[in-house]
Amino acid sequence: MIQQIGLYLMSFLYTIAGINHFIKPKFYLAIMPPYIPAHGLMVFLSGLAEAILGVALLFPVTRTYAAWGIILLLIAVLPANIFMISSGKFTRIPEWILWLRIPLQFLLIWWAYGYTK
């Protein structure tokens, strides 16, 4: 029962997060490290991936692939979280929150891993 609730919650969170890339792209553009090319395309693709993977979690036939996709996506966006800490551009966000995002990424990876079987 708890595993099922966690699955629905994860699906909801990633689907909403993905959609948010299209609603508030400026935020995602701002956190892109300068060395990553085509910021607009990357924001679009990551938002699309999050939304699709979030929905794909709901179906047993695609769940394992979606969970692995989420893990890869979380690893791929880790540089953006590091950039937020190191750039000095995000002073409106308390520094402890910026640092908390790093271990949170690993917690989210662990959570997604639970649906890879």
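Please refer to the structure higher up on the page.
Rules used in this analysis
- Residues numbered from 1 in each chain as written.
- Predicted model: local features only at pLDDT ≥ 70, side-chain atom pairs only at ≥ 80, totals over all residues.
- Heavy atoms only, no water.
- Axes fitted to C-alpha atoms, helices over the stretch in contact; angles between N-to-C directions.
- Helix = DSSP H or I, 4+ residues; strand = E, 2+ residues; numbered from the N terminus.
- Parallel < 35°, antiparallel > 145°, perpendicular 65-115°, else oblique.
- Left-handed = near helix turned anticlockwise from the far one by under 90°.
- Contact = heavy atoms within 4.5 Å.
- Nonpolar A, V, L, I, M, F, W, Y, C, P; charged D, E, K, R; others polar.
- Core = buried A, V, L, I, M, F, W, Y, C linked by side-chain atoms within 4.5 Å.
- Buried < 20%, exposed > 50% of the residue type's maximum accessible area, 1.4 Å probe, protein only.
- Expected span 1.5 Å × (residues − 1).

J.: An account of the packing of helix H1 (residues 2-23) against helix H5 (residues 95-113) is requested, with residue identities and associated values reported.
T.: Between two packed helices, the angle of one axis relative to the other and the distance separating the axes together describe the packing. Two elements in contact, H1 and H5, have axes separated by 11 Å at closest approach and are oriented at 125°. As judged from the angle between their axes, H1 and H5 are oblique. At the point where H1 passes H5, the crossing takes the left-handed sense. Facing Gly6, Leu9, Met10, Leu13 and Tyr14 of H1, the residues of H5 in contact are Leu108, Trp111 and Ala112. Class assignment for the residues of the contact of H1 with H5 results in seven nonpolar, one polar and no charged.

J.: An account of the nonpolar core is needed here, citing residue identities and associated values.
T.: Counting residues in hydrophobic clusters, the biggest one holds 16 residues, and the most contacted among them are Met10, Tyr14, Leu57, Ile70 and Leu74. For this core, the secondary-structure elements that each account for two or more residues are H1, helix H3 (39-56), helix H4 (60-86) and H5. When residues of this core are assigned to their parent elements, the largest contribution, six residues, is made by H4. Leaving out residues up to four positions away in the same chain, Ile70 has contacts with Met10, Tyr14, Leu53, Leu57 and Ala112. With 10 residues, the next largest nonpolar core counts Ile31, Ile36, Val43 and Ala80 among its residues.

J.: Break down H3 for me, with residues and values.
T.: In a regular helix each residue adds 1.5 Å, so 18 residues correspond to 26 Å; H3 covers 25 Å between its end C-alpha atoms and thus fits that length. Buried-residue contacts for H3 involve H1, helix H2 (25-30) and H4.

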